[in-house]
Amino acid sequence: MPAGPSTAARTPFVLLVVVLLGGGLITLLLLNSALNEGSFELSKLKKRTTELTDEQQALQHDVDASFEPEALARRARELGMVPGGSPAFLDPDGKVRGVPSKAAPAPVVAPPPSTPAPTPTPTPTGTAAATPAPTPTGSTPFGTPAAQPSTSPGR
(Lines give C-alpha, C1' and ligand atoms only; values in the text may rest on other atoms or scores of the structure.)
Protein backbone atom coordinates (compact mmCIF):
# COMPACT_ATOMS: atom_id res chain seq x y z
CA MET A 1 0.00 0.00 0.00
CA PRO A 2 1.21 3.45 -0.75
CA ALA A 3 2.02 5.63 2.19
CA GLY A 4 0.19 8.87 1.02
CA PRO A 5 -3.05 9.72 -0.76
CA SER A 6 -3.02 9.43 -4.52
CA THR A 7 -2.94 12.72 -6.52
CA ALA A 8 -3.92 11.00 -9.75
CA ALA A 9 -7.59 10.71 -8.74
CA ARG A 10 -7.88 14.44 -7.92
CA THR A 11 -6.63 15.76 -11.26
CA PRO A 12 -9.75 14.95 -13.32
CA PHE A 13 -12.01 16.45 -10.61
CA VAL A 14 -9.99 19.69 -10.46
CA LEU A 15 -10.03 19.94 -14.26
CA LEU A 16 -13.82 19.39 -14.29
CA VAL A 17 -14.36 22.16 -11.70
CA VAL A 18 -12.08 24.58 -13.62
CA VAL A 19 -13.87 23.83 -16.93
CA LEU A 20 -17.32 24.27 -15.33
CA LEU A 21 -16.31 27.59 -13.73
CA GLY A 22 -14.76 28.84 -16.97
CA GLY A 23 -17.82 27.79 -18.98
CA GLY A 24 -20.10 29.48 -16.46
CA LEU A 25 -18.13 32.73 -16.66
CA ILE A 26 -18.14 32.71 -20.47
CA THR A 27 -21.90 32.00 -20.49
CA LEU A 28 -22.46 34.84 -18.02
CA LEU A 29 -20.40 37.20 -20.19
CA LEU A 30 -22.37 36.30 -23.32
CA LEU A 31 -25.69 36.69 -21.49
CA ASN A 32 -24.63 40.09 -20.12
CA SER A 33 -23.60 41.36 -23.57
CA ALA A 34 -26.90 40.15 -25.09
CA LEU A 35 -28.84 42.01 -22.39
CA ASN A 36 -26.81 45.17 -23.02
CA GLU A 37 -27.50 44.92 -26.75
CA GLY A 38 -31.23 44.62 -26.03
CA SER A 39 -31.00 47.63 -23.71
CA PHE A 40 -29.42 49.75 -26.45
CA GLU A 41 -32.10 48.64 -28.91
CA LEU A 42 -34.82 49.51 -26.39
CA SER A 43 -33.45 53.01 -25.78
CA LYS A 44 -33.17 53.58 -29.56
CA LEU A 45 -36.79 52.48 -30.05
CA LYS A 46 -37.97 54.70 -27.18
CA LYS A 47 -36.25 57.68 -28.78
CA ARG A 48 -37.86 56.90 -32.15
CA THR A 49 -41.26 56.55 -30.46
CA THR A 50 -40.82 59.97 -28.87
CA GLU A 51 -39.90 61.51 -32.24
CA LEU A 52 -42.91 59.92 -33.95
CA THR A 53 -45.23 61.04 -31.15
CA ASP A 54 -43.98 64.62 -31.53
CA GLU A 55 -44.51 64.44 -35.29
CA GLN A 56 -48.03 63.05 -34.83
CA GLN A 57 -48.91 65.85 -32.42
CA ALA A 58 -47.60 68.48 -34.85
CA LEU A 59 -49.63 66.97 -37.69
CA GLN A 60 -52.74 66.78 -35.48
CA HIS A 61 -52.24 70.45 -34.59
CA ASP A 62 -52.09 71.32 -38.31
CA VAL A 63 -55.29 69.35 -38.97
CA ASP A 64 -57.04 71.00 -36.03
CA ALA A 65 -55.92 74.45 -37.21
CA SER A 66 -57.40 73.81 -40.67
CA PHE A 67 -60.83 73.25 -39.08
CA GLU A 68 -60.89 76.47 -37.06
CA PRO A 69 -63.75 78.81 -38.02
CA GLU A 70 -61.44 81.44 -39.55
CA ALA A 71 -59.69 78.85 -41.73
CA LEU A 72 -62.99 77.32 -42.83
CA ALA A 73 -64.40 80.78 -43.67
CA ARG A 74 -61.27 81.65 -45.69
CA ARG A 75 -61.44 78.37 -47.62
CA ALA A 76 -65.15 78.88 -48.27
CA ARG A 77 -64.47 82.37 -49.68
CA GLU A 78 -61.70 80.92 -51.88
CA LEU A 79 -64.24 78.42 -53.25
CA GLY A 80 -66.72 81.21 -53.99
CA MET A 81 -69.13 80.45 -51.15
CA VAL A 82 -70.96 83.32 -49.46
CA PRO A 83 -72.59 83.59 -46.03
CA GLY A 84 -76.25 82.64 -46.10
CA GLY A 85 -79.04 85.03 -45.21
CA SER A 86 -81.42 84.55 -42.33
CA PRO A 87 -82.79 81.01 -42.26
CA ALA A 88 -86.41 80.05 -42.75
CA PHE A 89 -87.93 76.92 -41.27
CA LEU A 90 -90.81 74.74 -42.41
CA ASP A 91 -93.17 73.52 -39.68
CA PRO A 92 -94.65 70.00 -39.89
CA ASP A 93 -98.00 71.53 -40.85
CA GLY A 94 -96.43 73.25 -43.90
CA LYS A 95 -96.25 76.75 -42.42
CA VAL A 96 -93.07 78.76 -43.14
CA ARG A 97 -91.44 80.38 -40.12
CA GLY A 98 -89.06 83.24 -40.84
CA VAL A 99 -88.42 85.16 -44.03
CA PRO A 100 -86.28 83.35 -46.57
CA SER A 101 -83.81 85.54 -48.42
CA LYS A 102 -81.21 85.04 -51.11
CA ALA A 103 -77.57 85.00 -50.18
CA ALA A 104 -75.49 88.01 -51.12
CA PRO A 105 -73.77 87.65 -54.48
CA ALA A 106 -70.28 86.28 -54.38
CA PRO A 107 -67.44 88.75 -54.89
CA VAL A 108 -65.57 88.36 -58.13
CA VAL A 109 -62.50 86.25 -57.54
CA ALA A 110 -59.76 85.70 -60.09
CA PRO A 111 -59.72 82.12 -61.36
CA PRO A 112 -56.84 79.97 -60.18
CA PRO A 113 -53.88 79.85 -62.55
CA SER A 114 -54.19 77.11 -65.12
CA THR A 115 -51.70 74.28 -65.18
CA PRO A 116 -49.26 74.18 -68.09
CA ALA A 117 -49.78 71.65 -70.82
CA PRO A 118 -47.69 68.48 -70.65
CA THR A 119 -44.32 68.86 -72.28
CA PRO A 120 -42.77 66.06 -74.30
CA THR A 121 -39.62 64.55 -72.83
CA PRO A 122 -37.21 62.38 -74.80
CA THR A 123 -37.09 58.70 -73.93
CA PRO A 124 -34.16 56.35 -74.37
CA THR A 125 -35.68 55.10 -77.64
CA GLY A 126 -35.70 58.62 -79.09
CA THR A 127 -39.49 59.06 -79.08
CA ALA A 128 -41.14 61.81 -77.05
CA ALA A 129 -43.32 60.95 -74.07
CA ALA A 130 -45.69 63.39 -72.40
CA THR A 131 -45.14 64.10 -68.72
CA PRO A 132 -48.24 64.94 -66.69
CA ALA A 133 -48.58 68.48 -65.42
CA PRO A 134 -48.28 68.86 -61.65
CA THR A 135 -51.56 69.30 -59.81
CA PRO A 136 -51.93 72.25 -57.44
CA THR A 137 -51.65 71.47 -53.75
CA GLY A 138 -54.99 70.79 -52.10
CA SER A 139 -56.82 69.69 -55.23
CA THR A 140 -57.31 66.54 -57.19
CA PRO A 141 -56.35 66.11 -60.86
CA PHE A 142 -59.96 66.88 -61.78
CA GLY A 143 -59.87 70.40 -60.33
CA THR A 144 -62.13 69.67 -57.37
CA PRO A 145 -61.08 70.26 -53.79
CA ALA A 146 -59.29 67.39 -52.12
CA ALA A 147 -61.24 65.31 -49.62
CA GLN A 148 -60.98 66.60 -46.06
CA PRO A 149 -60.86 64.36 -42.97
CA SER A 150 -64.05 63.79 -41.04
CA THR A 151 -64.93 66.23 -38.27
CA SER A 152 -67.12 63.75 -36.43
CA PRO A 153 -66.65 63.49 -32.65
CA GLY A 154 -64.27 60.91 -31.31
CA ARG A 155 -61.52 61.22 -33.89
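Basis of the calculations
Residues numbered from 1 in each chain as written. Predicted model: local features only at pLDDT ≥ 70, side-chain atom pairs only at ≥ 80, totals over all residues. Heavy atoms only, no water. Helix = DSSP H or I, 4+ residues; strand = E, 2+ residues; numbered from the N terminus. Buried < 20%, exposed > 50% of the residue type's maximum accessible area, 1.4 Å probe, protein only. Contact = heavy atoms within 4.5 Å. Areas by Shrake-Rupley, 256 points an atom, 1.4 Å probe, with all protein chains shown as cover. Patch = residues over 30% accessible without salt bridge, like charges linked within 9 Å, V, L, I, M, F, W, Y side chains within 5 Å. Salt bridge = Lys/Arg side-chain N within 4 Å of Asp/Glu carboxyl O. Phe/Tyr/Trp six-rings, centres within 6.5 Å; stacked < 30°, edge-to-face > 60°. Lys NZ or Arg CZ within 6 Å of the ring centre and 35° of its normal. pLDDT = per-residue confidence, 0-100.

1. Digging into the overall build of the protein
When its secondary structure is counted, the protein shows two helices and four strands. A burial count over the protein gives 1% of its 155 residues as buried. Contacts in the protein between residues at least 24 apart in sequence constitute 19% of all its contacts with a sequence separation of at least 6. In the form shown here, the protein has an accessible surface area of approximately 13800 Å², with 67% of it arising from carbon and sulfur atoms.

2. Some details on a nonpolar patch on the surface
A cluster of nonpolar side chains, contributed by Phe 13, Val 14, Val 17, Val 18 and Leu 21, occupies part of the molecular surface with about 480 Å² of accessible area. Its location among the elements puts Leu 21 in helix α1 (residues 10-66).

3. Overview of the packing of aromatic side chains
The final tally for this structure, using the stated rule, is zero aromatic pairs. We note Arg 75 situated over the ring of Phe 67; from NZ or CZ to the ring centre the distance is 5.9 Å.

4. Notes on the pattern of salt bridges
As enumerated under the stated definition, the model contains three salt bridges in all. Salt-bridge contacts for Glu 41 lead to Lys 44; the nearest nitrogen and oxygen are separated by 3.8 Å. With Glu 41 and Lys 44 both in helix α1, this residue pair falls three residues apart, about one helical turn. Overall, the relative accessible area of 38% leaves Glu 41 in the partly exposed class. Across the pair Arg 97 and Asp 91 runs a salt bridge whose closest N-O atoms are separated by 3.7 Å. Owing to a relative accessible area of 21%, Asp 91 belongs among the partly exposed residues under this scheme.

5. Here's the deal with the confidence of the model for the protein
Averaged over all residues, the pLDDT of the protein equals 77, while 63% of them reach at least 70. When the elements of the protein are averaged for pLDDT, strand β4 (residues 128-130) gives the smallest value, 50, and α1 the largest, 95. Counting contacts from residues 138-150, a segment whose pLDDT is below 50, to residues more than four positions away or on other chains yields 13 contacts.

6. Details of the environment of Arg 97
Its place among the elements puts Arg 97 in strand β2 (residues 96-97). Separated by 10 residues in sequence, Arg 97 and Pro 87 have C-alpha atoms that sit 8.9 Å apart. Beyond its immediate stretch of four places on either side in the chain, Arg 97 contacts Ala 88, Phe 89 and Asp 91.

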